[in-house]
Amino acid sequence: MNILEMMKNTSSGAVLPDEYKSLSTQEMEERVLHIKSRLGKRLFIPGHHYQKDEVIKFSDATGDSLKLAQISAENKDAEFIVFCGVHFMAETADILTTESQKVCLPDMRAGCSMADMANIHQTQKCWSELQETFGDTILPLTYVNSTAAIKAFVGKNGGATVTSSNAKKMLEWAFTKKERVLFLPDQHLGRNTAYELGIPLDQMAVWDPINHTLKSEGRVEDVKIILWKGHCSVHENFTPSNVQNIRNSKPDMNIIVHPECPYETVVLADYAGSTAYIIDMIEKAPVGSQWAIGTEMNLVRRIIKQHPDKEIISLNPHLCACLTMNRIDLPHLTWSLEMIERRETTQRIKVPEEIAQDAVLALNRMLERA
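Quantities reported herein were computed from a predicted structural model and do not represent experimental measurements.

Reading the values: the criteria
Residue positions are given per chain, counted from 1 along the sequence in the order it is written. With the structure being a predicted model, the display of local features is reserved for residues of pLDDT at least 70 and the display and counting of side-chain atom pairs for 80 or more, all residues being used for whole-chain, interface and lining totals. Side-chain metrics in this entry use all non-hydrogen atoms of the structure; hydrogen atoms and water are not considered. Relative accessibility under 20% of the residue-type maximum defines a buried residue, over 50% an exposed one, and the middle range a partly exposed one, all with a 1.4 Å probe and only protein chains included. Here a helix means four or more residues in a row that DSSP labels H or I, a strand means two or more in a row labelled E, and each is numbered from the N terminus. A pair of strands is labelled paired if DSSP reports no fewer than 2 bridges between them. A crossover gets the label right-handed when its path from the first strand over the helix to the second runs clockwise, viewed with the strands pointing away from the viewer. UniProt positions are given in the numbering used here, feature names are shortened, and annotations may be inferred rather than shown by experiment. Should any heavy atoms of two residues lie within 4.5 Å, those residues are counted as being in contact. Disulfides are defined in this document as cysteine sulfur pairs within 2.5 Å. Where helices are involved, their axes are fitted lines through C-alpha atoms of the stretch in contact, as for all axes, and angles between N-to-C directions lie from 0 to 180°. Whenever a carboxyl oxygen of Asp or Glu lies within 4 Å of a side-chain nitrogen of Lys or Arg, that contact is scored as a salt bridge. Residues enter a nonpolar core if they are buried and are Ala, Val, Leu, Ile, Met, Phe, Trp, Tyr or Cys, with the set joined through side-chain atoms within 4.5 Å. In this scheme Phe, Tyr and Trp rings, the latter by its six-membered ring, pair at centre separations within 6.5 Å, and the angle between planes marks the pair as stacked below 30 degrees, edge-to-face above 60, and tilted otherwise.

A. Expanded view of the pairing of strand E15 (residues 311–314). Because side chains alternate across E15, one face comprises the buried residues Ile312 and Ser314, and the other comprises Glu311 and Ile313, none of which is buried. Pairing geometry for strand E14 (residues 290–294) and E15, over 4 bridges, is parallel. Within E15, the residue paired with Gln290 across the bridge is Glu311. Note on the crossover from E14 through helix H14 (residues 297–306) to E15: the handedness is right-handed.

B. Geometry of the UniProt feature "binding site: iminosuccinate" (unreviewed entry) in the protein. Those places that UniProt annotates as "binding site: iminosuccinate" (unreviewed entry) correspond, in this numbering, to His48, Ser65, Tyr143, Val144, Asn145, Ser164, His258, Pro259, Glu260 and Thr275. On the basis of relative accessibility, which here comes to 4%, the residue Val144 falls in the buried class. What Val144 contacts, discounting residues up to four positions off in sequence, is Ser65, Phe88, Lys151, Thr161, Val162, Thr163 and Met366. Structurally, Asn145 can be placed in the loop between strand E6 (138–143) and helix H8 (148–156). Taking relative accessible area as the criterion, Asn145 reaches 13% and is therefore assigned buried.

C. Inspection of the side chain of His307 at higher detail. Checked against the element boundaries, His307 lands in the loop between H14 and E15. Those residues in contact with His307 that lie beyond four places of it in its chain are Ile282, Glu283 and Ile312.

D. Highlighting the state of the cysteines. On inspection of all chains with the given rule, the structure shows 0 disulfides. Cysteine Cys84 shares no disulfide, and the gap to the nearest cysteine sulfur, in Cys104, comes to 11 Å.

E. Inspection of the sheet that holds strand E10 (residues 213–216) at higher detail. Ordered by their spatial adjacency, 6 strands build an open sheet running E7-E6-E8-E11-E9-E10, and the pairing between neighbours is mixed. Only two strands of the sheet have a single neighbouring strand rather than two, namely strand E7 (160–162) and E10. Between one strand axis and the next, the sheet turns through 30 degrees on average, direction left out of account. The sheet contact formed by E6 and E7 spans 3 bridges and is parallel.

F. Quick look at the pairing of E10. Inspection of the sheet shows strand E9 (residues 204–208) paired to E10 by 4 bridges, in the antiparallel sense. Of the residues in E10, the one forming a bridge with Asp208 is Thr213. Hairpin geometry of E9 and E10 is characterised by an intervening segment of 4 residues between the two adjacent antiparallel strands and by a positive phi of about 55 degrees at His212.

G. Here's a closer look at the pattern of salt bridges. By the definition in use, this model includes 23 salt bridges. The shortest N-O distance in the salt bridge between Lys36 and Asp60 comes to 3.0 Å. Of this pair, Lys36 sits in helix H3 (residues 25–39) while Asp60 is found in the loop between helix H4 (53–56) and strand E3 (61–63), placing the two residues 24 residues apart along the sequence. Given a relative accessible area of 40%, Asp60 falls into the partly exposed group. When the shortest N-O distance is used, the salt bridge between Arg343 and Glu79 registers 3.1 Å. In this pair, Arg343 sits in the loop between helix H15 (330–341) and helix H16 (353–367) while Glu79 sits in the loop between helix H5 (65–74) and strand E4 (80–82), placing the two residues 264 residues apart along the sequence.

H. Highlighting the UniProt feature "binding site: [4Fe-4S] cluster" (unreviewed entry) in the protein. Sequence positions flagged by UniProt for "binding site: [4Fe-4S] cluster" (unreviewed entry) are, in local numbering, Cys112, Cys232 and Cys322. Sequence-wise these annotated residues cover 211 residues; spatially they are packed, their C-alpha atoms never more than 9.6 Å apart. Relative to the helices and strands, Cys112 is located in the loop between strand E5 (102–104) and helix H7 (120–134). With near-sequence residues (within four places) excluded, Cys232 lies in contact with Met114, Asp186 and Glu260.

I. How the structure looks around the nonpolar core. Grouped together as the largest cluster of nonpolar side chains are 104 residues, with contacts concentrated most on Leu141, Ile225, Ile255, Ile293, Ile303, Leu315 and Leu337. One finds Trp127, Leu184, Ala205 and Trp228 within the second-largest nonpolar core, a separate group that totals 17 residues.

J. Representation of the packing of aromatic side chains in the model. Considering all chains together, one arrives at 3 aromatic pairs under this definition. Look at Tyr195 and Tyr263: their rings are 5.1 Å apart centre to centre, the planes differ by 70 degrees, and that puts the pair in the edge-to-face class. With Tyr195 in helix H10 (residues 187–196) and Tyr263 in helix H12 (residues 263–266), this residue pair connects regions lying 68 residues apart in the sequence. For Tyr263, a relative accessible area of 15% corresponds to the buried category. Ring centres 5.7 Å apart and planes at 35 degrees place the aromatic pair Tyr271 and Trp291 in the tilted group.

In structure tokens form, the structure reads like this:
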């Protein structure tokens, strides 16, 4: 959700009432539990890994954005899906669920800076200019961390969505269809995945949607992958100097990072993979092992609590948790659930049918290869 949409929602009254700001934690927890009990199977609360513990404790399922959307779609009993994550995640859940199911986002201002770095007007202009340069040789892929409109654009043009877990598989598939790939909106995941597939850096180019320019270290005609100039504002702050500090102070510590981190950081780390990969690696690690994790702080703190038998730290100890994820908190969850009970919710996420139809094409092309 971009800033204009956030302002629109604010002006339309979708703002936490003052009464919820004065409630005690105990009062809110009791209200949430009572509503969950009363609504039963009619209510489903998915919680993303990056959410605060005060929200996760009431989640019926935890996971990454696509997993939660899929679980929501499989839950045919749920009339109300209160998605504790960010805007694009709730959009994906709405696309995959039935018309009778209502997807709500407790705070409509919970957007994603990465998703906002690629809007449909920029993408259409980019596509037009790339077609003039390269002809019909490009297939678009988009990270699921993108708006429904971008997913729809990709689906309409024969492409698919990807996750950080299956980006390599989907990029391999894309290259069986076309000579080149346009990868939206995260340049780092695209670069790291393409490099892992053996594509050299001088065969990658970066499209700048602000200046409408294509920059490449090599010859334009040799470009295999075009990376959209977007990034995660959290993961971009894990730097090579962070890695070097760990190497100097704790030489025996393993360093594991998310592939949304910059290429220069990923190549210096010991391991790189999706959120699920990071969680699994730590769970299987031997007792007493040491780990520095390069991903969102709420998740790192939770992993530390869950594994007291290991020494675990954040790769960047000065990093803040994701600000937009943190908009979903216990007061907003309480308010959202009470609004649902009163049938007064203004927090529903509804993707227009014409966008959903094309977006689901992109999602299904990926799910067919899962």
